[in-house]
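Chain and residue survey
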Amino acid sequence: MRIPCPYCGERGNEEFTVLGAADPVRPAGDAPLGAWVDYVHQRENAHGPHRELWHHQGGCRTWLVVERDTRTHAVIAVRAARATEGTP
Ligand SMILES: [Zn+2]
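Residues numbered from 1 in each chain as written. Predicted model: local features only at pLDDT ≥ 70, side-chain atom pairs only at ≥ 80, totals over all residues. Heavy atoms only, no water.

Describing the packing of aromatic side chains
- Enumeration according to the criterion identifies two aromatic pairs in this entry.
- Ring centres of Phe16 and Trp54 lie 6.3 Å apart, and the angle between their planes is 75°; on these two criteria the pair is classed as edge-to-face. Of this pair, Phe16 sits in the loop between strand E2 (9-12) and strand E3 (17-21) while Trp54 sits in strand E4 (residues 49-55), and the two are 38 residues apart along the sequence. (Phe/Tyr/Trp six-rings, centres within 6.5 Å; stacked < 30°, edge-to-face > 60°. Helix = DSSP H or I, 4+ residues; strand = E, 2+ residues; numbered from the N terminus.)

Put into structure tokens, the structure is as follows:
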């Protein structure tokens, strides 16, 4: 799989580390335990377009939001995570 980093250009996925889904929203500190359990452990097994956090560890070291199709691994969109509301 090739990922087009917005800063380094297209690179092989071996230069990246994937953290996981980009969409879970961190609960408030005083949220019930169940909300934290869901946040930490519950993930959808997407079949199609899916947004994930990827770290370009072998390049610019930027966190990216990569939208890809889980059926084909086709990359749909890539942008810096800092430009996305609700991501680290
Ligand atoms: Zn990069």
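Topic: the nonpolar core
- Core analysis: the biggest nonpolar cluster contains six residues, these being Ile3, Cys5, Phe16, Trp54, Leu64 and Val66.
- Contact partners of Phe16, with chain neighbours within four places excluded, come to Ile3, Cys5, Arg11, Trp54, His55, His56 and Leu64. (Core = buried A, V, L, I, M, F, W, Y, C linked by side-chain atoms within 4.5 Å. Buried < 20%, exposed > 50% of the residue type's maximum accessible area, 1.4 Å probe, protein only. Contact = heavy atoms within 4.5 Å.)

Quick look at the sheet that holds E3
- Taken together, the four strands give an open sheet; going across it, the order is E3-E4-E5-E6, and neighbouring strands pair in antiparallel fashion. Two strands in the sheet have a free side with no partner beyond their single neighbour: E3 and strand E6 (75-80). Across the sheet, the mean angle separating the axes of adjacent strands is 30° when strand polarity is ignored.
- In the sheet, E4 pairs with strand E5 (residues 63-69) via seven bridges, with the strands oriented antiparallel. (Pairing = 2+ DSSP bridges. Axes fitted to C-alpha atoms, helices over the stretch in contact; angles between N-to-C directions.)

Concerning the coordination of the zinc ion
- Only Cys5 (SG), Cys8 (SG), His56 (ND1) and Cys60 (SG) from the protein reach the zinc ion as donors, at distances of 2.1 to 2.5 Å.
- Because the angles between the four donor atoms bound to the zinc ion fall within 104 to 117°, the donor set is best described as tetrahedral.
- All donors to the zinc ion come from one chain, and their sequence spacing reads C-x2-C-x47-H-x3-C. Residue Cys8 is found in the loop between strand E1 (2-5) and E2, and its partner Cys60 is found in the loop between E4 and E5; the two are separated by 52 residues along the sequence.
- Look at Cys8 and you get partly exposed, because its relative accessible area is 23%. (Donors = N, O, S within 2.8 Å, 3.2 Å for Na, K, Ca; no water. Tetrahedral: all angles 85-135°; square planar, octahedral: opposite > 155°, others 65-115°.)

Brief notes about the environment of Asp69
- For Asp69, the location among the structural elements is in strand E5.
- Sequence separation between Asp69 and His50 is 19 residues, and the spatial gap between their C-alpha atoms is 6.1 Å.
- Discounting residues that sit within four places of it in the chain, Asp69 has contacts with Gly48, Pro49, Ala74 and Ile76.
- Looking at Asp69, its side chain comes within polar contact range of the side chain of Arg71, at 2.7 Å. (Polar contact = N/O pair within 3.5 Å; in protein donor to acceptor, adjacent residues only side chain to side chain.)

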